[in-house]
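# Per-entry structural report
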Amino acid sequence: MTQERANRSGFETRAIHAGYEPDPTTGAVIPPIYASSTYKQDGVGGLRGGYEYSRSANPTRTALEGALASVEDGERGFAFASGLAAEDTVIRALTRPGEHVVIPDDAYGGTHRLFDKVAKVWGTDHSSASVADTEAVAAAIQPGRTKLVWVETPTNPMLTIGDIEALATVAHDAGALLVVDNTFASPYLQQPLTLGADVVVHSTTKYVGGHSDVVGGAVVVRDLDLAEKIAFHQNAMGAVAGPFDAFLVNRGLKTLHVRMDRHCDNAEQVVAFLDADPRVTEVIYPGLASHPGHEVAARQMKRFGGMVSFRVAGGVEQALAVCERAEVFTLAESLGGIESLIEHPGRMTHASVAGTDLEVPDDLVRLSVGIESVGDLVADLDRALG
């Protein structure tokens, strides 16, 4: 299937076919792992297929990048060694010392650390605002200095929903770009570029890879001028996805749609159980009509995802006990894999924001609902709640 035809096809077809055509020599239907650091040139400067050195380009990575661009409805995709490597490249490519970025007030702890401990030292300042409050985001923009409005939707771990179309308008009116971390939703459930975003970032470690066996990141853009800036910095900084990692992420992408529907099915039943349980004081899930961002999420997402957060009666000690008593839910960081995970954000993924405005409630438990038998998941949570 040609790239042009793939781009006109449905999501599922693009996830499987975009970015690669069967190998002309062998007919291989899956992109091979090109474990080569360098490539023979057809004369000095005569690059065969544009390949010279695998930091600059590798055929396995090229296939993944084409597929990522297609499923996000972007012009060009880029694969990185981690989600934070992708974020760092965006920051350095699109901001300069003395400029400013607006970030979520409940951002992923690693993203906050990157801005607060790395970009800030480099000279890029930041302030935070709730992605659910468009007016607050607008107020946080510093005219003439703000170059990026950076949002997660849903956020990690509070599952706050931002209106991507409205935030794009706010950013563009101020002469800034809108960057959306689409990790929690995945390209299957949400395509921010079609809603006005300029840049999408992912930790492909999560839902795109989907099997907890690879670390990776991605950037997708809808503007070719931005693409040139990202491409230059990707090559100059060098935090690229290796061929084996690119192969694994691409393999995961091909089944994303099947897995995400099962993640969503299971999450909805877990939420129904938790929402009716008196041992739980609050369930945070965009699919609940009581969620403040439910209507926005329903408009811009296909479904509501596999991430669930909840707060427990009994405070921090009970939250820790629930995490420790779970058996089918594995106590571990990360998310988006086929297996269900449970964690205490305040002491695990978000420990780096303790004592800041981004600190999360200490009675909060976060679930990444996997694709196991949902009856086993519900029974496990029932036992863990004590």
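This write-up is about the structure you can find in this document. Note that this is a predicted model, so its numbers are computed, not measured.

## Notes on the nonpolar core
With 82 residues, the main nonpolar core has Leu178, Leu274, Val308, Phe310 and Leu367 as its most contacted residues. Element by element, the count of residues in this core is highest for helix H11 (residues 256-275), at eight residues. Those residues in contact with Leu274 that sit more than four places away from it in its chain are Val280, Val283, Val308, Phe310, Leu367, Leu381 and Leu385.

## Describing the packing of H11 against helix H14 (residues 374-384)
The contact between H11 and H14 brings their axes to 10 Å, and the two run at 30 degrees. As summarised for this structure, H11 and H14 are arranged roughly parallel, according to the angle between their axes. Note that H11 runs across H14; the crossing there is right-handed. Facing H11, whose interface residues are Asn266, Gln269, Val270, Phe273 and Leu274, H14 presents Val374, Leu377, Val378, Leu381 and Asp382.

## Here we look at helix H3 (residues 59-71)
Between the first and last C-alpha of H3 there are 19 Å, a value that for 13 residues agrees with the 18 Å anticipated at 1.5 Å per step. Counting buried positions along H3 gives eleven out of 13 residues, so the element sits mostly inside the fold. Of all the residues in H3, the buried ones are Pro59, Thr60, Arg61, Ala63, Leu64, Glu65, Ala67, Leu68, Ala69, Ser70 and Val71. Among the residues of H3, the N-terminal cap falls to Asn58, whose side-chain oxygen and the backbone nitrogen of Thr60 are separated by 2.8 Å.

## Concerning helix H4 (residues 83-94)
The end-to-end C-alpha distance of H4 is 17 Å, a good match for the 16 Å that twelve residues give at a rise of 1.5 Å each. Burial runs high along H4: ten of the twelve residues are buried. Three or more residues of H4 are buried, namely Gly83, Ala85, Ala86, Glu87, Asp88, Thr89, Val90, Ile91, Ala93 and Leu94.

## Here we look at the pairing of strand E12 (residues 364-368)
In terms of residue burial, E12 counts as a mostly covered element, since five of its five residues are buried. Side chains Leu364, Arg366 and Ser368 project from E12 onto one buried face, and the interleaved Val365 and Leu367 project onto a second face that is buried too. The pairing of strand E9 (residues 307-312) with E12 spans five bridges and is classified as antiparallel. Paired with Val308 across the bridge in E12 is Leu367.

## Describing the layout of surface pockets
Empty space within the largest pocket amounts to approximately 450 Å³. Around the largest pocket, the lining comprises 24 residues; the ones closest to its centre are Leu84, Tyr108, Asn156, Ser203 and Lys206. The biggest single contributor to the lining of the largest pocket is H4, with three residues. Split into classes, the residues belonging to the lining of the largest pocket amount to seven nonpolar, ten polar and seven charged.

Rules used throughout
Residues numbered from 1 in each chain as written. Predicted model: local features only at pLDDT ≥ 70, side-chain atom pairs only at ≥ 80, totals over all residues. Heavy atoms only, no water. Core = buried A, V, L, I, M, F, W, Y, C linked by side-chain atoms within 4.5 Å. Buried < 20%, exposed > 50% of the residue type's maximum accessible area, 1.4 Å probe, protein only. Helix = DSSP H or I, 4+ residues; strand = E, 2+ residues; numbered from the N terminus. Contact = heavy atoms within 4.5 Å. Axes fitted to C-alpha atoms, helices over the stretch in contact; angles between N-to-C directions. Parallel < 35°, antiparallel > 145°, perpendicular 65-115°, else oblique. Left-handed = near helix turned anticlockwise from the far one by under 90°. Expected span 1.5 Å × (residues − 1). Polar contact = N/O pair within 3.5 Å; in protein donor to acceptor, adjacent residues only side chain to side chain. Pairing = 2+ DSSP bridges. 1 Å grid on protein atoms, 1.4 Å probe; cavity = no way out; pocket = protein on both sides within 12 Å on 5 of 7 lines; lining within 4 Å. Points joined across faces, edges and corners; volume = space filled by probe spheres on them. Nonpolar A, V, L, I, M, F, W, Y, C, P; charged D, E, K, R; others polar.

Any functional reading would require information beyond the geometric quantities listed.
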